[in-house]
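Given next are the chains, with one letter for each unit.
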There are 4 protein chains.
Amino acid sequence: MVGNSIGESFRVTTFGESHGIALGCIIDGCPPGLAITEEDLQYDLARRRPGSSPYVTQRSEADEVKILSGVFEGKTTGVSIGLLATNTDSRSKDYSDIKNKFRPNHADYTYYQKYGIYDHRGGGRSSARETVMRVAAGAIAKKYLKENFNVEVRAYLVQMGAVVIDKIDWDEIENNAFFCPDIDKVDAFEQLIYDLKKEGDSIGAKLQVVAINVPVGLGEPIFDRLDADIAHALMSISATKGIEIGDGFNVIEQKGSKQRDLLTPDGFSSNHAGGILGGISTGQEIVVNIAFKPASSILFPAQTISKNGELTQIAAKKKGRHDPCVGIRAVPVVEAMLAIVLLDHLLRHRIQNFSVETTTPKI
Amino acid sequence: MVGNSIGESFRVTTFGESHGIALGCIIDGCPPGLAITEEDLQYDLARRRPGSSPYVTQRSEADEVKILSGVFEGKTTGVSIGLLATNTDSRSKDYSDIKNKFRPNHADYTYYQKYGIYDHRGGGRSSARETVMRVAAGAIAKKYLKENFNVEVRAYLVQMGAVVIDKIDWDEIENNAFFCPDIDKVDAFEQLIYDLKKEGDSIGAKLQVVAINVPVGLGEPIFDRLDADIAHALMSISATKGIEIGDGFNVIEQKGSKQRDLLTPDGFSSNHAGGILGGISTGQEIVVNIAFKPASSILFPAQTISKNGELTQIAAKKKGRHDPCVGIRAVPVVEAMLAIVLLDHLLRHRIQNFSVETTTPKI
Amino acid sequence: MVGNSIGESFRVTTFGESHGIALGCIIDGCPPGLAITEEDLQYDLARRRPGSSPYVTQRSEADEVKILSGVFEGKTTGVSIGLLATNTDSRSKDYSDIKNKFRPNHADYTYYQKYGIYDHRGGGRSSARETVMRVAAGAIAKKYLKENFNVEVRAYLVQMGAVVIDKIDWDEIENNAFFCPDIDKVDAFEQLIYDLKKEGDSIGAKLQVVAINVPVGLGEPIFDRLDADIAHALMSISATKGIEIGDGFNVIEQKGSKQRDLLTPDGFSSNHAGGILGGISTGQEIVVNIAFKPASSILFPAQTISKNGELTQIAAKKKGRHDPCVGIRAVPVVEAMLAIVLLDHLLRHRIQNFSVETTTPKI
Amino acid sequence: MVGNSIGESFRVTTFGESHGIALGCIIDGCPPGLAITEEDLQYDLARRRPGSSPYVTQRSEADEVKILSGVFEGKTTGVSIGLLATNTDSRSKDYSDIKNKFRPNHADYTYYQKYGIYDHRGGGRSSARETVMRVAAGAIAKKYLKENFNVEVRAYLVQMGAVVIDKIDWDEIENNAFFCPDIDKVDAFEQLIYDLKKEGDSIGAKLQVVAINVPVGLGEPIFDRLDADIAHALMSISATKGIEIGDGFNVIEQKGSKQRDLLTPDGFSSNHAGGILGGISTGQEIVVNIAFKPASSILFPAQTISKNGELTQIAAKKKGRHDPCVGIRAVPVVEAMLAIVLLDHLLRHRIQNFSVETTTPKI
């Protein structure tokens, strides 16, 4: 138990189920003096909201997050920050027939085995809805990083099914409904989604998230290396099945003579490492890829078993909400998690440097 | 700071540098009653030891780990267990010329930036030698898992450079110096290593680690999901650049209708998930792949910079120790880390279930 | 930072200021299957509420705590539980004149020094109002302990100023407004409070809290001994200045031959230890005393300094809320904290014993 | 379980039993750049060593602590520090007769109930010998505090049995074997100990520990308040039964008008608070009292029970080691624990202030 918190010096603890009364979150460790408002949170929350494009689920949610504490006269005071979002739209009756059946590829079976009891409505605690609070907390972390260190975090789609992008232009990301940074691939993604909606099927995706202007020195060897904590934070997102840093799985076929990033007086000559070396940030761009599996809720009927172990059928969903690709929705979530880890590590690192002179940027 | 511990209910804390006096470890949370001796640790430590084959580094180490506490009359008592391994062979003079230079692809640069000071001999704390203690602690975890739950953890090489295995036979793993489970690929690996030693270069590798008989229900959503903690533990190992669970990065091109594992009264019909669903173990085999980058110490001279930022040269290593593929050495380390995470989660999970099956516990 | 959580296996994280929008709390680690409702929380919250007697502050608060997650069809599900209480009555204007002055014996000065910014309204985060959430979380812990282990926790007043009780009768505690277990001392307490209200002054108090039917074996040496964690939890309550277990400070003058509790086949022959020996519960009654300092808000004008260091005056409070003795209000808080620690330790201890009684667990 | 660590940002983890092979400790989070040698540790270890006076136990121990890692060219490097002390003198045969009996007032009974197994030799893990590592780690903390912030920590005896000191002179503390700061009470303490040794009995004691020059702002509300963490650390020491801060239990009878410390432009006018207000340090002297119960091992035979619940007798100790007053030995331990908490909090606090300007000393 006790798995609902993340972070050591910037800690986020959450609660809330998709069909419960509300979702909430407590942020502990945000330094005082950061100007923050509910509007600051809304931008990323809106990016997450389904219904902003025809390509994602029709389930509508208000996603209005209120700040209940920890901010006084517009600035954080250093005490714990409470956030709350009330659930407004559930359409519970969509789920009544699956009360005693385990939906394939959902967490129903494992939650039931673990707890002996679970909320069958929607995904309960395992639903993607819990990401509202990750994004809200991440928005605060992003603002702090940006204002104090000019660190920026950005995520985008690099692959969906067999469609792969060829180039990355940050300015294109918000111009389409896929967070696609390559203007020439948007049509292909549209076609893919259209076909999937017709088939009633879903597909996987690969996202990339980068962080720039990260100070050198973040990461706490040997177990809380920065890459290890990034992997942990990103793999804690639903539907993730793989993560790689820098050249990732491509290093398997690389020779040492080529793979290494050489140091010159002007900086590194390459970035195969993806910004992390020996578990510590090098100051270069941090580059991470994440693999998302296809969405679970599809329009195919399926065999499964009921709670008492009998073979049964899950009916095809005629109405309701159908996610052809969960990867699209995860872009703001992935940014939020990387921001949370970076701020946590930045705060943890500070302890170390306050007594020693280094050539790093003075934090 | 404070990154030298891993685990919540089975916690391992380590210290020690490659050229320091000794390495050590404290294990906190091992349940009482487990029979354990120094011999139990030696098997996995020997598997880790270089020199047991011509394919790995010639650096010889005793790797004898002593148990200093926590075991009485052959059984763990529940109090903290102290382990110690004295460093016996360092050949410090191998490193004197690089005292003020940052070796490419080593952690020298980042450690110096972070701490303002670092031990330049060998890899210091960032050296692979620290894995001795991971393996020793992992041996204890493995024994506990095996004796109490029949859980077994096994790792092996699946790819090195462009050479990929075709089949997996556990009985072959210890029959060659590569931990290769495919008898028909051993020659190809031998050739590859031979060529690399001649070139003085190195190559990456992919390992797979599996766990069988894992009880269903392990994992603590939403942040300490089992896959997230596995990713964290494995990515904390030096030289790792990617991790994937089950079908991993292959899910990107999979459709939901094919990717899902259906439940039947006799169990799951497939295992695309790799044994983890919703962040919780399903009872199926846990399957994880890890990508290792090529070794840093190679026989090529390289440009780099010195501590005062000037361009300089790192001489080629004529003598010394040369690791063509660090992946080979990491097999016992990867097993150890997975075992540590599984035992930690098993202990954490137990808290939950004790109210389901007990009324008044016999404490 | 990051001081807003308590507990390892039963963890309580809180937020909220006295004059903010709301107070809240997340409970992580509550085992599944516990029947809990908002009514269950109200009993202890009502005991805490000022206004239920003329002896405590007139500040009225609704103290209605809502359960927002973690409970499904009346039972805990094992996921995180969110609690929320909206602040309804603040009377902010009472505090406007002290915006730039540090009230003596309040946390204003230290909070300002620490954070550089603080909410001056009421006590902000340092106000006693934050105890609402301690009591709500404690109510859940108490129910679990009672229903599963028959553990009961009870606190009461043993001394206020120079008035000391002579006997303890649990049935008397709720019969007066002082939580006084000695019917013959109630008049003396009434007189003392009456005099203090007239003077506009305040007084300290000593509370005693006991726990019965505690299983033997709770406590995690050497640092998380049960007494150490109890001391931590109780001293985290505002206005506490001392804590003692069993005979407490009286042991200073006791001889070893008299102080020790002898073991007989029928149990211990005495309980000088107060139920804890070697940092672990003995199964006997746990007995703890806590010293509370006099309330800070009194009707005396006082000298102090302003934020820019100048001598100034804090005016006497004519209206508003005046607490002659904060000890009275702390009784339910002290019970809550002891319950939280005991449940946390009970869950932590369980990990240890499951290998003694199981072979293959039915998970 | 997992109770063998203390601290969040300066963390100390220990292992070792009184009659095991060795004791050890890992310090994680010590900032880099601190000059430290084994000699630095010996001073406080020697103060702890029995045999340096006729008033404490005759058990002799080498108490030589080796530094095994984390220090390079005389300075801490920021990586984990390993300390080791080999046990050299045990005289195991002293304990063979009590293998199956629970000694009164020792932790035998509770350890057996908790773990189902315990090391009966000496006190095993519950022995006072584990304090060697607390003192060694504390010595490092003390040095850091002194060199970087001029913080000093000092403890001394204020009462033993009915003998109470009248004045405090730091220069007297090391001039007698009692750590007594009042030259005029040394004779009385000598007489008391002499009488107790003849009787074969023991007595309790009260120690006081103070810290000066503590920066304002240390402490992390609401649960990790500085006083709460100090209470936790000190109550984790064997034989402690009570702790109080500042006026402690005397506040019960104090009126608010007298108890409060007024702020003036020149600082506080008094220090009833003992240096902590609202859970945060005020910059004033931190004053803490700790009550120690009488030693368990005395020369009186006693009734007790055996492991199978039968009435039995523990023979009087004729030879061996007899501690008339454990309080004397705890003085360096108490200093060590306060130093560890202060450094931990100082490091935790730093995270907060690095972005905000305050009037505090620039840390």
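Numbers given to residues run from 1 along each chain, matching the order in which its sequence is written. Chain letters start at A and ligand numbers start at 1, both assigned in the order the entries are written. Where local features are concerned, this predicted model is filtered to residues with pLDDT of at least 70; where side-chain atom pairs are given and counted, the filter is 80 or more; whole-chain, interface and lining totals use all residues. Only hydrogens and water are set aside; all other atoms, that is, all heavy atoms of the structure, feed into the side-chain values.

- Chain A has the name Chorismate synthase in an unreviewed UniProt entry, where Candidatus Photodesmus blepharonis is given as its organism.
- Recorded under Sequence similarities (unreviewed entry), the UniProt text for chain A is reproduced unchanged: "Belongs to the chorismate synthase family." UniProt positions are given in the numbering used here, feature names are shortened, and annotations may be inferred rather than shown by experiment.

1. Topic: the sheet that holds strand β7 (residues 81–86) of chain C
Residues and elements named next belong to chain C.
1) Next: Within the open sheet, the five strands sit side by side as β1-β2-β3-β7-β4. Their pairing is antiparallel. If you trace the sheet from one side to the other, it starts and ends with β1 (5–6) and β4 (66–67), each paired once.
2) Next: Any two strands with at least two DSSP bridges between them are considered paired. Here a helix means four or more residues in a row that DSSP labels H or I, a strand means two or more in a row labelled E, and each is numbered from the N terminus. Pairing between strand β2 (residues 11–15) and strand β3 (residues 22–28): five bridges, direction antiparallel. Across the sheet, residue valine 12 finds its bridge partner in β3, namely isoleucine 27.

2. Thoughts on the confidence of the model for chain A
All names here are of chain A.
1) Next: Chain-level statistics for chain A give a pLDDT mean of 85 and a share of 84% at 70 or above.
2) Next: Per residue, pLDDT measures the predictor's confidence, with a range of 0 to 100. A contact between two residues is defined here by any heavy atoms of the two lying within 4.5 Å. Predicted confidence for residues 54–60 stays below pLDDT 50, and this span has 26 contacts to residues more than four positions away or in other chains.
3) Next: Counted against residues more than four places away or in other chains, residues 353–363, with its pLDDT under 50, gives 30 contacts.
4) Next: Prediction confidence for the complex, expressed as pTM and ipTM, is 0.92 and 0.91 respectively.

3. Considerations on the interface of chain D and chain C
1) Next: Counting residues at the interface gives 110 residues for chain D, matched by 108 residues for chain C.
2) Next: Buried surface at the junction of chain D and chain C, both sides included, amounts to about 8,600 Å², of which 61% is carbon and sulfur.
3) Next: One speaks of a salt bridge when a side-chain nitrogen belonging to Lys or Arg is within 4 Å of a carboxyl oxygen belonging to Asp or Glu. One can count four salt bridges joining chain D with chain C.
4) Next: Put simply, Glu199(C) and Lys255(D) hold a salt bridge, and the shortest N to O gap is 3.0 Å.
5) Next: What qualifies as a polar contact is a pair of N or O atoms within 3.5 Å, subject to a donor-acceptor requirement within protein and to the restriction that residues adjacent in sequence count only when both atoms come from side chains. Between the two partners, chain D and chain C, sit 46 residue pairs in polar contact (both at pLDDT 80 or more).
6) Next: The residue classification treats Ala, Val, Leu, Ile, Met, Phe, Trp, Tyr, Cys and Pro as nonpolar and Asp, Glu, Lys and Arg as charged. All others, Gly included, are polar. Partitioned by chemical class, the residues of the side of chain D that touches chain C number 51 nonpolar, 38 polar and 21 charged. For any pair of parts, buried area is found by adding up, for both, the accessible area (1.4 Å probe) each one loses once the two are put together.

4. Side note on the interface of chain B and chain A
1) Next: Counting from both sides, the interface comprises 108 residues of chain B and, opposite them, 111 residues of chain A.
2) Next: Buried area between chain B and chain A, both sides added, is near 8,600 Å², and the carbon and sulfur share of it is 60%.
3) Next: The largest per-residue losses of area from chain B upon contact with chain A belong to Lys114(B), Phe223(B) and Lys241(B), which jointly make up 10% of the total buried on that side.
4) Next: Taken together, the connections running from chain B to chain A amount to four salt bridges.
5) Next: At the junction of chain B and chain A, the tally comes to 45 residue pairs in polar contact (both at pLDDT 80 or more).
6) Next: Among the residues forming the side of chain B that touches chain A, the class breakdown is 51 nonpolar, 36 polar and 21 charged.

5. Concerning the relation of the copies chain B and chain A
1) Next: Once turned by 180° and shifted 0.0 Å along the axis, chain B lies on chain A with an RMSD of 0.0 Å. Both copies of the chain, as the preceding transformation shows, are related through a two-fold rotation axis. Closest to the rotation axis within chain B is the C-alpha of His232(B), separated from it by 2.4 Å.
2) Next: Of the residues that chain B buries at the interface, 99% are likewise interface residues in chain A, meaning the two copies contact each other through the same surface. Copies are brought into register by a least-squares superposition over C-alpha atoms of residues with pLDDT of at least 70 in both.

6. Examining the sheet that holds strand β16 (residues 286–292) of chain C
1) Next: Strand order across the open sheet formed by ten strands is β9(C)-β8(C)-β10(C)-β16(C)-β11(C)-β11(D)-β16(D)-β10(D)-β8(D)-β9(D), with antiparallel pairing between neighbours. Edge strands, defined here as strands with exactly one partner in the open sheet, are β9 (163–164) of chain C together with β9 (163–164) of chain D.
2) Next: Pairing analysis gives two bridges linking strand β8 (residues 152–160) of chain C to β9(C), with the strands arranged antiparallel. The partner of Gln159(C) across the bridge, within β9(C), is Val164(C).
3) Next: Sitting on the sheet, helix α4 (residues 186–199) of chain C touches β8 and β9 of chain C, and the angle it makes with β8(C) is about 60°. Only the stretch in contact is used when fitting a helix axis, every axis being a line fitted to C-alpha atoms; angles between N-to-C directions are given from 0 to 180 degrees.

7. Quick word on the UniProt feature "binding site: FMN" (unreviewed entry) in chain A
1) Next: Under the feature "binding site: FMN" (unreviewed entry), the UniProt entry names Arg125(A), Ser126(A), Ser127(A), Gly278(A), Lys293(A), Pro294(A), Ala295(A), Ser296(A), Ser297(A) and Arg321(A).
2) Next: Tracing the backbone through its elements, the reader meets Arg125(A) in the loop between α2 (108–115) and α3 (131–149).
3) Next: When near neighbours in sequence (up to four residues on either side) are disregarded, Arg125(A) contacts Asn4(A), Thr14(A), Phe15(A), Gly16(A), Glu17(A), Tyr111(A), Glu130(A), Ile222(B), Val79(C) and Ser80(C).

8. Examining the packing of aromatic side chains
Residues and elements named next belong to chain B.
1) Next: Any pair of Phe, Tyr and Trp rings, taking the six-membered ring for Trp, is counted once the centres come within 6.5 Å. Such a pair is stacked with planes under 30 degrees apart, edge-to-face with planes over 60 apart, and tilted for the rest. Counting across every chain of the model gives six aromatic pairs over all chains.
2) Next: With centroids separated by 5.8 Å and ring planes inclined at 40°, the aromatic side chains of phenylalanine 178 and phenylalanine 189 adopt a geometry described as tilted. On the criterion of sequence distance, the pair formed by phenylalanine 178 in the loop between β9 (163–164) and α4 (186–199) and phenylalanine 189 in helix α4 is long-range, its members being eleven residues apart.

9. Focus: the UniProt feature "binding site: NADP(+)" (unreviewed entry) in chain A
1) Next: Look at the UniProt record and you will see "binding site: NADP(+)" (unreviewed entry) annotated at Arg48(A).
2) Next: For Arg48(A), the location among the structural elements is in helix α1 (residues 38–48).

10. Comments concerning the environment of Leu346(B)
Residues and elements named next belong to chain B.
1) Next: By the element assignment, leucine 346 lies in helix α7 (residues 326–357).
2) Next: The exposure class assigned to leucine 346 is buried, which follows from its relative accessible area of 1%.
3) Next: In this structure, the C-alpha to C-alpha distance between leucine 346 and phenylalanine 149, residues 197 residues apart in sequence, is 9.9 Å. Buried, partly exposed and exposed residues are distinguished by accessible area as a fraction of the type maximum, computed with a 1.4 Å probe on protein chains only: under 20%, between the cut-offs, and over 50%, respectively.

11. Points about helix α1 (residues 38–48) of chain B
All names here are of chain B.
1) Next: Within α1, the full set of buried residues consists of Leu41, Asp44, Leu45, Arg47 and Arg48. For α1, the angular spread of buried residues about the axis comes to 155°, placing them on one side. Opposite the buried face of α1, by more than 90 degrees, sit the exposed residues Glu39 and Tyr43. Within this analysis, the arc is defined by the directions that extend from the helix axis to the C-beta atoms.

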